[in-house]
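Fold and contact review
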Amino acid sequence: MMDPGDDDPFAIFLRHPKDESNAERVAREIREAEAKKRSEDIDQEIVEEKERLMRAEEFQTRVALLGGSESGKFEMIKNLRMHHGREEWNAELAKWRCVIQLKLVKSVIIILDALEAEGRGERLTAIEELRQLVLLRLAPLRRVEQNLRRVINASAEEITPAALDAQWQKEREDATMVIAMCREDIKSVWMGEKVQLLLTEGKIHFEDSAKFLFEGVDRITSRDYTPSDEDVAHVRLRPVVQECRIKFQRSFDSTGGVSETEWRIYDIATQRMSKNAWIPYFEGLLAIMFFVDISGFNKPSLDGSRLTRLEDSFMLWRTICGSQLLQETGLILFLTNCHLLQQKLELGIQVKDYVPSYGDRPNDVGRVVECQLSIAVIVVTLTLQRLQTSKTTSKL
């Protein structure tokens with residue numbers, strides 16, 4: 001009679017050898033017991049890790065920030081990190097300084113290569129000889145490029161700031177010194193007629209940030225250079241969502257103890273085309289901070305539509321308010337850049353020329369802000385009413 005397990009490959013694999021000796025059986029049972037113990041240990045580690053994550057989430061606050069690149073959202077994150085995570089913020093600025101220096105040096109080397117290629121086989125005039133001398137003085141930048149690449153690669157390997165400083169401080173200082181010494185030659189080459197002609201003819205191809213970096217070359221090549229928000233915005237490749245973690249400490253008056261809460265802040269790009277990518281970050285949010293550049297009433301939308309940036313922001317605000325996923329999430333609206341709005345209005349720019357619905361209201365900051373706040377509140381009120389009606393209808 002056939003054994004029921006004869007057709008089961010797994011049973012065949014686990015079947016004990018028929019001619020197994022006592023010593024072999026004991027050795028096999030020991031191996032099986034060890035394997036079972038390893039499996040149980042792994043299961044226990046998984047359980048403990050889940051419990052640890054659940055306990056950690058009890059002390060975590062999840063907040064999302066939405067807004068355009070000039071809406072003040074980046075400044076909010078920067079100020080929080082400067083006050084509650086200064087060491088990490090300084091380490092990040094040091095990293096961005098190297099990145100920006102590297103991008104400037106790479107752009108200079110692109111120019112050097114283009115000029116050398118153009119000059120091959122040509123008879124040198126007095127001007128060409130002078131240019132060759134400048135190129136020779138800029139040659140050390142090729143070594144600087146290699147050194148900066150090493151520093152940046154090291155910072156990307158999760159090395160602690162202390163270890164990074166100890167190992168790469170001299171490399172960064174040397175690179176900064178050489179770049180500072182080359183400042184005038186960099187400016188001379190960039191503003192030279194030959195380079196501008198090559199740019200016009202399309203014989204030099206830069207990254208998008210190169211022109212911005214050359215225009216700020218006096219700042220960027222200084223020895224005490226610290227990247228600005230605008231500098232970082234020009235050189236970084238922004239994903240749809242960036243996450244940062246900030247720890248807040250609070251002391252108890254009665255006991256003198258300290259409690260710590262971690263905020264997980266999601267900086268979300270606000271292009272409407274990418275909103276499906278936001279959904280995983282909306283689950284469990286305490287609040288959404290929504291930033292609107294109120295001075296953007298006369299700026300075109302970044303997505304190429306006919307809307308202004310202000311109109312585009314309020315369309316997104318309406319979408320957020322109407323999301324079923326966010327019914328239990330707090331919404332905080334920031335109207336920013338009021339000082340820029342005031343400057344535009346003082347120049348005589350009329351809001352009604354760009355926002356027809358503004359009508360004949362006074363063209364002053366207070367009334368513009370009041371009008372936009374009223375629109376935001378109306379959107380929230382009507383959306384809540386519609387959601388409540390939808391709930392009632394579905395129950396019927």
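All values derive from a computational prediction rather than experimental measurement.

So, on to the pattern of salt bridges. The final tally for this structure, using the stated rule, is 14 salt bridges. A salt bridge links Arg150 to Glu171, with the shortest nitrogen-to-oxygen separation between them at 3.4 Å. Here the residue Arg150 occupies a position in helix H6 (residues 141–155), and Glu171 occupies one in helix H7 (residues 161–181), the gap between them amounting to 21 residues. On the basis of relative accessibility, which here comes to 21%, the residue Glu171 falls in the partly exposed class. Residues joined by salt bridges that share partners form a network here, namely Glu184, Lys187 and Asp218.

Burial in helix H8 (residues 183–191) covers these residues: Asp185, Ile186, Val189 and Trp190. For H8, the angular spread of the buried residues around the axis is 130°, confining them to a single face.

The tendency in soluble globular proteins is for nonpolar side chains to be buried side by side. Membership of the largest hydrophobic core comes to 38 residues, with the highest contact counts inside it found for Ile111, Leu138, Leu141, Ile186 and Val189. With 13 residues, helix H4 (residues 86–119) is the single largest residue contributor to this core. Apart from residues no more than four positions distant in its own chain, Val189 is found in contact with Ile111, Leu115, Val134, Leu135, Leu138 and Val195. Core analysis: the second largest hydrophobic core is formed by 31 residues, Ala64, Ile268, Phe290 and Leu316 among them.

Below, the discussion takes up the UniProt feature "binding site: GTP" (unreviewed entry) in the protein. Here, the residues flagged by UniProt with the feature "binding site: GTP" (unreviewed entry) are Asp208, Ser209, Asp267, Ile268, Ala269, Thr270 and Gln271. Relative to the helices and strands, Ile268 resides in strand S3 (residues 258–268).

Turning next to the packing of aromatic side chains. Evaluated as defined, the whole model comprises 4 aromatic pairs. Taking the centre distance of 4.7 Å and the plane angle of 10° together, the rings of Phe291 and Phe334 count as stacked. Residue Phe291 is located in strand S4 (residues 287–293), and its partner Phe334 is located in strand S5 (residues 330–336); the two are separated by 43 residues in the primary sequence. Since its relative accessible area comes to 26%, Phe334 is described here as partly exposed. If you follow Lys344 out to its NZ or CZ, it ends over the ring of Phe297, 5.6 Å from the centre.

Contact geometry of H8 with helix H9 (residues 193–200) gives a least axis separation of 5 Å together with a crossing angle of 50°. For the element pair H8 / H9, the angle class is oblique. Residue-level contacts link Val189, Trp190 and Met191 of H8 to Glu193, Val195, Gln196 and Leu199 of H9. Looking at side-chain class alone, the contact of H8 with H9 contains 5 nonpolar, 1 polar and 1 charged residues.

Within this structure's numbering, the places UniProt gives as "coiled-coil region" (unreviewed entry) are residues 23–52. As annotated, residues 23–52 comprises 100% helix and 0% strand, and the C-alpha atoms at either end are separated by 43 Å.

All right, on to the environment of Lys352 then. Turning to its location among the elements, Lys352 is positioned in the loop between helix H15 (338–346) and helix H16 (365–395). With a relative accessible area of 38%, Lys352 lands in the partly exposed category. Linking Lys352 and Pro362, residues 10 residues apart in sequence, is a C-alpha distance of 9.7 Å. Other than its neighbours up to four places away in sequence, Lys352 contacts Tyr358, Gly359 and Asp360.

Within the fold, Leu93 resides in helix H4. When the C-alpha atoms of Leu93 and Thr226 are compared, they prove to be 7.2 Å apart, with 133 residues separating the residues in sequence. Apart from residues lying up to four places away in sequence, Leu93 is in contact with Thr226 and Pro227.

What counts, and where the lines are drawn
- Residue numbers here run from 1 along each chain, matching the order of that chain's written sequence.
- Reporting of local features is limited, given that this is a predicted model, to residues whose pLDDT is at least 70; pairs of side-chain atoms are given and counted only at 80 or more, and all residues count toward the totals for whole chains, interfaces and linings.
- Hydrogen atoms and water are omitted, and side-chain values are computed over all heavy atoms in the structure.
- Note on definitions: salt bridges are taken to be side-chain nitrogens of Lys or Arg within 4 Å of carboxyl oxygens of Asp or Glu.
- Numbering of helices and strands runs from the N terminus; a helix is a DSSP stretch of H or I covering at least four residues, while a strand is a stretch of E covering at least two.
- Per-residue accessibility, obtained with a 1.4 Å probe over protein chains only, is compared with the maximum for each type, and a residue is labelled buried under 20%, exposed over 50%, and partly exposed between these values.
- Taken from the helix axis, the directions to the C-beta atoms give the arc we talk about.
- Take the buried residues of types Ala, Val, Leu, Ile, Met, Phe, Trp, Tyr and Cys, join any two whose side-chain atoms come within 4.5 Å, and each joined set is a nonpolar core.
- Only heavy atoms enter the contact rule, under which two residues are in contact if any of them lie within 4.5 Å.
- UniProt positions are given in the numbering used here, feature names are shortened, and annotations may be inferred rather than shown by experiment.
- For this analysis, a ring pair means two rings from Phe, Tyr or Trp (six-membered ring only for Trp) whose centres lie within 6.5 Å, classed as stacked if their planes differ by under 30 degrees, edge-to-face if by over 60, and tilted for the remaining angles.
- Two thresholds decide whether a charge sits over a ring: the Lys NZ or Arg CZ must be within 6 Å of the ring centre and within 35 degrees of the ring normal.
- Axis definition: a line fit to C-alpha positions, over the contact stretch in the case of helices; interaxial angles, taken between N-to-C directions, run 0 to 180 degrees.
- In these notes the angle categories are as follows: under 35 degrees is roughly parallel, over 145 is roughly antiparallel, 65 to 115 is roughly perpendicular, and the rest is oblique.
- Each residue is assigned to one class: nonpolar for Ala, Val, Leu, Ile, Met, Phe, Trp, Tyr, Cys and Pro, charged for Asp, Glu, Lys and Arg, and polar for all the others, Gly among them.

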